[in-house]
Amino acid sequence: FPVAADGMASSSTNLSTPSLVECNRFMLDTQSHCDVHFHLVLPSSTEVTRVSAHKYMLISRSPVFMAMLTGPLAEKEDCIEVTDISAECFHALLR
């Protein structure tokens, strides 16, 4: 959706208010206020891909991420290493 230089949605009488899905997609696409980070490393590669996301979205959509990111067993690291998914698949999962 249209965004002004200051990062805020621009107002226009010709545009409708973006949906929640559009706003969440915008936040992910622009990496705005991401609060969890993953290092993706496939065993067959030495390449590391950093992917950032929003905990609230992951937790709301997956009991696995809820267990991973909340409660007494939550990951404590700034960046969570994931070794069994490609960056392409992980990005698709986030969408």
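Residues numbered from 1 in each chain as written. Predicted model: local features only at pLDDT ≥ 70, side-chain atom pairs only at ≥ 80, totals over all residues. Heavy atoms only, no water.

Asker: Teacher, can you tell me more about the overall build of the protein here?
Answerer: Of regular secondary structure, the protein possesses four helices and three strands. Of the regular secondary structure in the protein, the N- to C-terminal order runs α-β-β-α-α-β-α. Within the span of the protein, comprising 95 residues, buried residues form 23% of the whole. Restricting the contact set of the protein to residue pairs at least 6 apart, pairs at least 24 apart contribute 46%. A total of about 6,900 Å² of accessible surface is found on the protein, and carbon and sulfur atoms cover 57% of it. (Helix = DSSP H or I, 4+ residues; strand = E, 2+ residues; numbered from the N terminus. Buried < 20%, exposed > 50% of the residue type's maximum accessible area, 1.4 Å probe, protein only. Contact = heavy atoms within 4.5 Å. Areas by Shrake-Rupley, 256 points an atom, 1.4 Å probe, with all protein chains shown as cover.)

Asker: Where do I start with the packing of aromatic side chains in this structure?
Answerer: Given two aromatic rings, one states the distance between the centres and the angle between the planes to describe the pair. Going through the model one piece at a time under the given rule, you end up with two aromatic pairs. Look at Phe38 and Phe65: their rings are 6.0 Å apart centre to centre, the planes differ by 70°, and that puts the pair in the edge-to-face class. In this pair, Phe38 sits in strand β1 (residues 36–40) while Phe65 sits in helix α3 (residues 63–69), placing the two residues 27 residues apart along the sequence. What makes Phe38 buried here is its relative accessible area of 0%. Of the aromatic side chains, those joined through ring pairs into one cluster are Phe38, Phe65 and Phe90. (Phe/Tyr/Trp six-rings, centres within 6.5 Å; stacked < 30°, edge-to-face > 60°.)

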